[in-house]
Amino acid sequence: MKKKLLAIALSIPFTLSLAAMPPGDRPDDRHASDSFVVGGEEWASQQDFIQAGRRCQTFHPDEETAAALEAEFLHELSIRPHSDFESLFTSPTYVNVYFHVINKGTGISNGDISQTMIDAQMDVLNAAYASTGVRFQLISVDRTTNSTWYTMSPGSTAEAQAKAALRKGTADDLNIYSANPGGGLLGWATFPSSYKSAPSKDGVVLLFSSLPGGSASPYNEGDTGTHEVGHWMGLYHTFQGGCKTGTNGGDYVADTNAERSAAYGCPTGRNTCTGTRYPGNDPIENFMDYTDDYCMTLFTPGQVARMRAQWDAYRAGK
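These lines cover the structure that appears in this document, whether it is placed above or below. (Residues numbered from 1 in each chain as written. Predicted model: local features only at pLDDT ≥ 70, side-chain atom pairs only at ≥ 80, totals over all residues. Heavy atoms only, no water.)

1. Re the sheet that holds strand 6 (residues 187-189)
No. 1: Across the sheet, five strands lie side by side as 4-3-5-7-6; this open sheet has mixed pairing. Edge strands, defined here as strands with exactly one partner in the open sheet, are strand 4 (134-145) and strand 6. Neighbour to neighbour, the strand axes of the sheet diverge by 20° on average, direction disregarded. (Pairing = 2+ DSSP bridges. Helix = DSSP H or I, 4+ residues; strand = E, 2+ residues; numbered from the N terminus. Axes fitted to C-alpha atoms, helices over the stretch in contact; angles between N-to-C directions.)

So this is what it looks like as structure tokens:
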């Protein structure tokens, strides 16, 4: 299993050479017209899969809603005792993880993933979040055989029932549910701001075959988990709002380059927002884009700062 390690220095991300990948597995070897299968679902192409939003079904607020949520966040942050959120994670912050394996029977083909895959997923999370000061520690694993919950979709009765029955802990505890959502969907998560109004719904749902060693190539190295936990920690997609930058729109992070739409594969040099207002190429290596797992290698310092602030406003001690 490839492990993507982030350098402790935020300015030095780890990268993986394309040359290390076998022919046929590289994004450059695929064509836009190639049929694409993930999660047991076939798509006309990987582009169709991405444009259908199946990489992630986390709530994607419109501009007005995002602005209202941001105003609420800044208010919550202002009334918290920490005035310097940059120092919040100077010492490691340990996040308890409760892992819920939902399956339809025994065996990997029925979603009954192994403990080895779960441990590997934890390793991927801890490598990806090393620069944030967050450490994820696995507290327990439970297994539930329920064919209805196994195919739950975002916002469904099945999701509500599964989470109500299985969820453990409080706002600062991470609950991960592995299942087999339909349509090849890879995962979704709740934001920190949602916890107060709907605590039982809090957590991350992952396609079981997206865990390391699963069959959902090229999304089977564990970074669907990294991406969805990023939402759980308070981050938006890098392409949120299209070509908007700074802290007044888009993803509300100043140092993620503007990006008009989600990327797929690993399109080095992609630049969808041009002109002097939008310097730099698209942030295809960012964990909050939609690129292939091997292509994702970093969070920016601004994203780390936002995660710290969201944690302080909504999760710390709640």
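2. Let's talk about the packing of aromatic side chains
No. 1: Applying the stated criterion to the full structure yields 13 aromatic pairs.
No. 2: Look at Tyr129 and Phe299: their rings are 4.9 Å apart centre to centre, the planes differ by 45°, and that puts the pair in the tilted class. One end of the pair, Tyr129, is in the loop between helix 3 (115-128) and strand 4; the other, Phe299, is in the loop between helix 6 (223-232) and helix 7 (301-315), and 170 residues separate them in sequence. The burial state of Tyr129 is the same as that of Phe299; both residues are buried.
No. 3: What links up through ring pairs into an aromatic cluster is the set Phe36, Trp43, Phe49 and Tyr219.
No. 4: The ring of Trp232 is capped by Arg315, whose NZ or CZ atom sits 3.8 Å from the centre of that ring. (Phe/Tyr/Trp six-rings, centres within 6.5 Å; stacked < 30°, edge-to-face > 60°. Buried < 20%, exposed > 50% of the residue type's maximum accessible area, 1.4 Å probe, protein only. Lys NZ or Arg CZ within 6 Å of the ring centre and 35° of its normal.)

3. A few points about the pairing of strand 3 (residues 93-103)
No. 1: Most of strand 3 is tucked away, with nine of its eleven residues classed as buried.
No. 2: Each parallel crossover has a hand, and the one from strand 3 via helix 3 to strand 4 is right-handed.
No. 3: Note that strand 3 and strand 5 (residues 174-179) share five bridges and pair parallel. When the bridges of strand 5 are listed, Tyr98 appears paired with Asn175. (Right-handed = clockwise from strand over helix to strand, strands pointing away.)

4. What about the side chain of Thr291?
No. 1: Relative to the elements of secondary structure, Thr291 occurs in the loop between helix 6 and helix 7.
No. 2: When its relative accessible area of 0% is taken as the criterion, Thr291 is described as buried.
No. 3: At 2.8 Å, the side chain of Thr291 forms a polar contact with the backbone oxygen of Ile284.
No. 4: Beyond its immediate stretch of four places on either side in the chain, Thr291 contacts Arg55, Tyr219, Ala263, Tyr264, Gly265, Pro267, Ile284 and Met296. (Polar contact = N/O pair within 3.5 Å; in protein donor to acceptor, adjacent residues only side chain to side chain. Contact = heavy atoms within 4.5 Å.)

5. A closer look at the state of the cysteines
No. 1: Scanning the model with the defined rule gives two disulfides in all.
No. 2: Paired by a disulfide, Cys243 and Cys273 hold their sulfur atoms 1.9 Å apart. Where Cys243 bonds to Cys273 through sulfur, the torsion about that S-S bond is close to -90°, and the disulfide is left-handed. Highlighted residues: Cys243 in the loop between helix 6 and helix 7 and Cys273 in the loop between helix 6 and helix 7, separated in sequence by 30 residues. Cys273 matches Cys243 in its accessibility class, with the two residues each being buried.
No. 3: Paired by a disulfide, Cys266 and Cys295 hold their sulfur atoms 2.1 Å apart. Note on the Cys266 and Cys295 pair: the S-S dihedral is about 65°, so by sign convention the disulfide is right-handed. Of this pair, Cys266 sits in the loop between helix 6 and helix 7 while Cys295 sits in the loop between helix 6 and helix 7, placing them 29 residues apart in sequence. Residues Cys266 and Cys295 agree in their burial class; the two are buried. (Disulfide = S-S within 2.5 Å.)

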